[in-house]
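Reading the structure
One letter stands for each residue in the lines below.
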Amino acid sequence: MHNAAFAELGMNRVYMPMEVSDIEQGIVGLRALGFRGVSVTVPHKEAVIPFLDEIDPVAEKIGAVNTLVFQKGKDGRVILRGLNTDWLGANTALAEKVNLSQSRVLVIGAGGSAKAVGFGLVQAGAEVIISNRTVKTGKALADWLDCTFVPLEEITDVSADVLINTTSVGMEPNNEGIVVPPSLLPGFSVVMDIVYAPLETRLLREAKAAGCQTIDGLAMLLYQGAAQFKIWTGAIPPQLIMRSALEEELRRRAVA
Ligand code: ATR
């Protein structure tokens, strides 16, 4: 998606995947080679923090960084700043369909993705309910967010406007997995899944059939990426082109 955006805007830049075994040395290398920005993904989102010169206050609060930018500091020295755009990705996707400040949102899961999504929802003024299979981790996240926790087995008792799956349930190759009983879906106006392979998960298919609006997993991926693009380049991200590039890549992978 970033390369498609660079091409669209005629920018002489390139985005490429790299695997890193030693984060500290990796950063030394990136700095020496004149890199402008970096996406950080699992399992490095927390481990990279000690090697930053600066951390954005929101990323610090979440305790995870998915975006690095090399910037000129006040003394002219290049400094490395870490930020988090994951929480923005979910919020932007949801804000297209609902007024979050007046919504009750049920978030399934309590991992890193749930943390970023939950944080964004609280920022936007939503009423958040966390539900998770493992009670201990679910409760810990709900305490951190200062919101309600409901064990996954008791989810039938919960009513909410929006349902978000942040777990890996329904992801290929287990395409028929669904994290909540389909019979509950008609109770929600909007259902969002962060799984994007397949693009239409069983959860989204059943939600559509139940008359809900749906948000697929590419939406969060796209908007967190669009926010990164703006941080790195200062330019307005060409989101339609970026979305098409993501869809094309998914189709390519499905064939491969
Ligand atoms: P991420 O950082 O991508 O969010 P994670 O930290 O591994 O990934 O979190 C995965 C989440 O999916 C957890 O909330 C996990 O529930 P547990 O805390 O009970 O492990 C949830 N999850 C994974 N598989 C699940 C399943 N089959 N049913 C219900 N929840 C599941």
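It should be emphasised that the depicted structure is a prediction, and the values quoted were computed from it without experimental measurement.

The next subject is helix H4 (residues 86-95). Buried residues dominate H4, accounting for seven of its ten residues. Lining the buried residues of H4 we find helix H3 (57-62), helix H5 (112-123), strand E8 (162-165), strand E9 (190-193), strand E10 (213-215) and helix H8 (217-233).

Here we come to the nonpolar core. Within the largest apolar cluster, 36 residues are counted, with the highest numbers of intra-cluster contacts made by Leu94, Val105, Leu121, Ile130, Ile164 and Met192. Per-element accounting of this core gives the leading share, six residues, to H8. Apart from the residues lying within four places of it in its own chain, the contact partners of Ile130 are Val107, Gly109, Gly138, Leu141, Ala142, Leu145, Cys147, Thr148, Phe149 and Val150. Judged by nonpolar contacts, the second largest core, of 19 residues, contains Ala160, Leu163, Leu184 and Leu185.

For the rest of this paragraph, the subject is the site of the ligand. Residues in contact with the ligand amount to 13 residues; listed here are only the nearest, Ala110, Ser113, Asn132, Arg133 and Thr134. A distance of 3.0 Å is found between an oxygen atom of the ligand and a backbone nitrogen or oxygen belonging to Gly112. Contact between the ligand and Thr137: an oxygen atom at 3.4 Å from a side-chain N or O atom of the residue. Protein coverage of the free-state accessible area of the ligand, which is 640 Å², stands at 61%. Considered class by class, the residues forming the shell around the ligand number three nonpolar, nine polar and one charged.

What follows deals with the UniProt feature "domain: Quinate/shikimate 5-dehydrogenase/glutamyl-tRNA reductase" (unreviewed entry) in the protein. Here, the residues flagged by UniProt with the feature "domain: Quinate/shikimate 5-dehydrogenase/glutamyl-tRNA reductase" (unreviewed entry) are residues 98-168. With 32% helix and 27% strand, residues 98-168 has its two end C-alpha atoms placed 24 Å apart.

Okay, the packing of aromatic side chains next. One pass over the full model with this rule turns up four aromatic pairs. Relative to Phe229, the ring of Phe6 has its centre 5.4 Å away and its plane inclined at 35°; by these criteria the two rings are tilted. Placement of Phe6 in helix H1 (residues 2-8) and of Phe229 in helix H8 is noted, with a sequence separation of 223 residues between them. By the burial criterion, Phe6 is buried, and Phe229 matches it. Residues Tyr15 and Trp232 carry aromatic rings whose centres are separated by 6.0 Å and whose planes lie at 40° to one another, so their mutual orientation is tilted. With Tyr15 in the loop between H1 and helix H2 (23-32) and Trp232 in helix H8, this residue pair connects regions lying 217 residues apart in the sequence. On the accessibility criterion, Tyr15 (32% relative accessible area) is partly exposed. Exposure remark for Trp232: the relative accessible area of 4% places this residue in the buried category.

Definitions and limits used
Residues numbered from 1 in each chain as written. Predicted model: local features only at pLDDT ≥ 70, side-chain atom pairs only at ≥ 80, totals over all residues. Heavy atoms only, no water. Buried < 20%, exposed > 50% of the residue type's maximum accessible area, 1.4 Å probe, protein only. Helix = DSSP H or I, 4+ residues; strand = E, 2+ residues; numbered from the N terminus. Contact = heavy atoms within 4.5 Å. Core = buried A, V, L, I, M, F, W, Y, C linked by side-chain atoms within 4.5 Å. Near = heavy atom within 4 Å. Polar contact = N/O pair within 3.5 Å; in protein donor to acceptor, adjacent residues only side chain to side chain. Areas by Shrake-Rupley, 256 points an atom, 1.4 Å probe, with all protein chains shown as cover. Nonpolar A, V, L, I, M, F, W, Y, C, P; charged D, E, K, R; others polar. UniProt positions renumbered as here; feature names shortened; annotations may be inferred. Phe/Tyr/Trp six-rings, centres within 6.5 Å; stacked < 30°, edge-to-face > 60°.

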